[in-house]
Amino acid sequence: MAVGTAELGARAPARRATKRQTPPGGVKTWAALGFLLPALLALGSIVVYPMLDTVVQSFQNDDRTAFVGLDNYQEIAENDRIKTAVKNTFLWVVIVPALVTGTGLIVAVLTEKVSYGTALKVVLFMPLAISALSTGVIWRIMYEVDPNRGLVNALVGSAYDVFKGPGPYPGATPGAQQPLVQSDRGVTLDRALEAGDSATVGLTAILEGDVPPGAREAEQPQVVPGEIAVLVWRDFKPGGGKAGVVESGEVGLPGAMVELLDGSGGVVGTQTTDGGGNVAFQDVGGGPYRVRVGAQTFSEGFQGVDWLGPALVTAGLIFAFFWTVLGFGVVVIGAGLAALPRDLLEAARVDGANEWQVFRRITFPLMMPVLTVVFVSQLIGVLKIFDLVYVTAPNSVQDEANVIALEMFQTSFTARRYGVGSAVAVLLFVLVIPAMIFNLRRFKREQG
């Protein structure tokens with residue numbers, strides 16, 4: 001027994017010595033650090049070092065030969081392009097996250113219990129699988145001004161034509177040898193008329209196929225006491241003829257809108273020509289009057305909206321981005337709805353709560369963590385939006401569509417002003433930091 005005790009006493013110091021040689025945290029800690037070291041080196045070289053170097057370069061001139069202090073940041077505050085970029089980025093931040101989150105919640109709730117809900121989510125999620133470059137090309141084509149090429153204007157034009165279609169004679173012009181004046185309000189006969197007078201308005205540049213099938217041969221209007229008779233006709237005779245004179249073989253133009261104007265230019269009567277191109281204004285009184293073929297007659301109809309023009313380019317880009325990311329919001333929020341405790345919802349309905357009360361008092365509060373995830377994700381995404389704007393917006397409106405990330409690229413790599421470009425990058429990083437901190441705190445709070 002004594003010998004055994006002595007041996008144990010002799011071995012104890014050895015064990016203690018061995019334990020003291022073990023690294024803090026044990027062998028497992030060093031092994032973990034060994035596995036993490038390559039990743040840490042990679043992150044340090046491609047993330048941490050470039051970030052620190054960008055901050056340093058933002059205080060230097062473009063060729064990095066001298067420090068210029070806060071001059072680059074002062075230029076940010078004074079440059080109109082950068083001001084536009086900041087303003088547009090603010091619009092993106094205010095509109096897109098709330099729009100995606102709100103619309104995603106509405107769509108997810110409405111399609112939660114319908115049979116085609118899953119199919120709809122798949123369709124909405126598909127644009128997210130397309131690269132931003134492809135999305136930009138798609139919407140660049142869809143926003144074409146010509147309704148025959150751009151889908152958006154084709155749809156708008158279809159609705160427009162239901163209420164106000166093209167005129168019967170688009171592109172028609174006044175005939176020669178007549179006192180006719182063309183303006184944006186139509187074609188006006190520059191001759192005073194009184195009761196009992198007649199007038200003729202000849203139009204040209206009208207193809208044979210554009211004349212309605214029921215058009216009759218034009219005849220000089222008959223003068224009737226107390227009336228003003230007007231003829232609108234096609235001032236063209238196959239094989240030749242005399243301009244400004246109604247001749248045999250020339251046809252009247254039905255469907256033309258004729259307006260009777262008083263001495264001050266106000267419209268006192270409006271009529272549409274019959275099959276022979278004739279109208280008659282009765283009981284007109286003394287006068288003097290003038291007649292005008294209204295602009296509706298010459299309207300070419302809907303010619304398209306320039307969605308990528310200076311006034312609408314930001315709105316058009318926001319809608320294109322919304323089309324891309326809406327599926328993300330619907331799918332994530334739909335998953336959150338599926339995880340809600342059904343017994344709690346059913347208990348509320350049993351207690352007499354209607355669907356709106358269940359949504360407002362139970363569903364919405366329980367969904368706040370999921371809604372926050374969608375909102376913050378979109379917030380960070382729009383702060384970094386670049387490729388969609390760069391590809392979709394034409395070069396002529398790049399300044400009007402500018403955002404901070406695009407400005408950073410153009411300043412640094414197009415204008416090669418690396419100092420100012422680095423300052424813009426730092427500004428973008430500073431704007432992203434609050435959203436990142438909020439997201440990390442929320443994640444830790446949920447895990448804790």
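That block above? That's the structure.
We now turn to the structure provided with this report. (Residues numbered from 1 in each chain as written. Predicted model: local features only at pLDDT ≥ 70, side-chain atom pairs only at ≥ 80, totals over all residues. Heavy atoms only, no water.)

Focus on the packing of aromatic side chains
Each aromatic ring pair is described using two quantities: the centre-to-centre distance and the angle formed by the ring planes.
Right, on to step 1. Counted according to the given criterion, the structure contains 14 aromatic pairs.
Right, on to step 2. Arranged with centres 5.6 Å apart and planes meeting at 70 degrees, the rings of W92 and F321 form a pair that is edge-to-face. With a gap of 229 residues between them, W92 in helix α4 (residues 80–110) and F321 in helix α8 (residues 313–338) connect regions that are remote in the sequence.
Right, on to step 3. For W92, a relative accessible area of 1% corresponds to the buried category.
Right, on to step 4. A relative accessible area of 11% means that F321 is categorised as buried.
Right, on to step 5. Ring centres of Y390 and F409 lie 5.6 Å apart, and the angle between their planes is 75 degrees; this geometry places the pair in the edge-to-face category. (Phe/Tyr/Trp six-rings, centres within 6.5 Å; stacked < 30°, edge-to-face > 60°. Helix = DSSP H or I, 4+ residues; strand = E, 2+ residues; numbered from the N terminus. Buried < 20%, exposed > 50% of the residue type's maximum accessible area, 1.4 Å probe, protein only.)

With respect to the layout of surface pockets
Right, on to step 1. Roughly 380 Å³ of volume is contained in the largest pocket.
Right, on to step 2. As for the largest pocket, its lining consists of 17 residues, of which T54, M408, G421, A425 and L428 are closest to the centre.
Right, on to step 3. Elements represented by at least two residues in the lining of the largest pocket include exactly α2 (27–57), α13 (404–414) and α14 (418–447).
Right, on to step 4. Ranked by the residues each element gives to the lining of the largest pocket, the list is headed by α14, at 7 residues.
Right, on to step 5. Looking at the lining of the largest pocket residue by residue, the classes come out as 10 nonpolar, 5 polar and 2 charged. (1 Å grid on protein atoms, 1.4 Å probe; cavity = no way out; pocket = protein on both sides within 12 Å on 5 of 7 lines; lining within 4 Å. Points joined across faces, edges and corners; volume = space filled by probe spheres on them. Nonpolar A, V, L, I, M, F, W, Y, C, P; charged D, E, K, R; others polar.)

Some points on empty space enclosed by the protein
Right, on to step 1. Here the structure, examined in full by the defined rule, presents 1 cavity of 30 Å³ or more.
Right, on to step 2. In this structure, the largest cavity spans a volume of roughly 40 Å³.
Right, on to step 3. Together, P168, Y169, P170, A172, A205, I206 and D210 line the largest cavity.
Right, on to step 4. In the lining of the largest cavity, the residues fall into 6 nonpolar, no polar and 1 charged.

Thoughts on the nonpolar core
Right, on to step 1. Counting 37 residues, the largest nonpolar core has W92, F321, I333 and V389 as its most contacted members.
Right, on to step 2. Taken together, the elements giving at least two residues each to this core come down to α4, α6 (132–142), α8, α10 (355–383) and α11 (387–392).
Right, on to step 3. In terms of residue count, the dominant contributor to this core is α8 (11 residues).
Right, on to step 4. Grouped together as the second largest cluster of nonpolar side chains are 26 residues, L180, L189, A215 and V232 included. (Core = buried A, V, L, I, M, F, W, Y, C linked by side-chain atoms within 4.5 Å.)

Some details on the sheet that holds strand β8 (residues 278–282)
Right, on to step 1. Pairing is mixed across the open sheet formed by 4 strands, whose spatial order is β1-β4-β5-β8. A strand with exactly one partner marks an edge of an open sheet, and here the two such strands are β1 (173–174) and β8.
Right, on to step 2. Inspection of the sheet shows strand β5 (residues 227–234) paired to β8 by 5 bridges, in the antiparallel sense. If you follow V230 over to β8, its bridge partner there is V279. (Pairing = 2+ DSSP bridges.)

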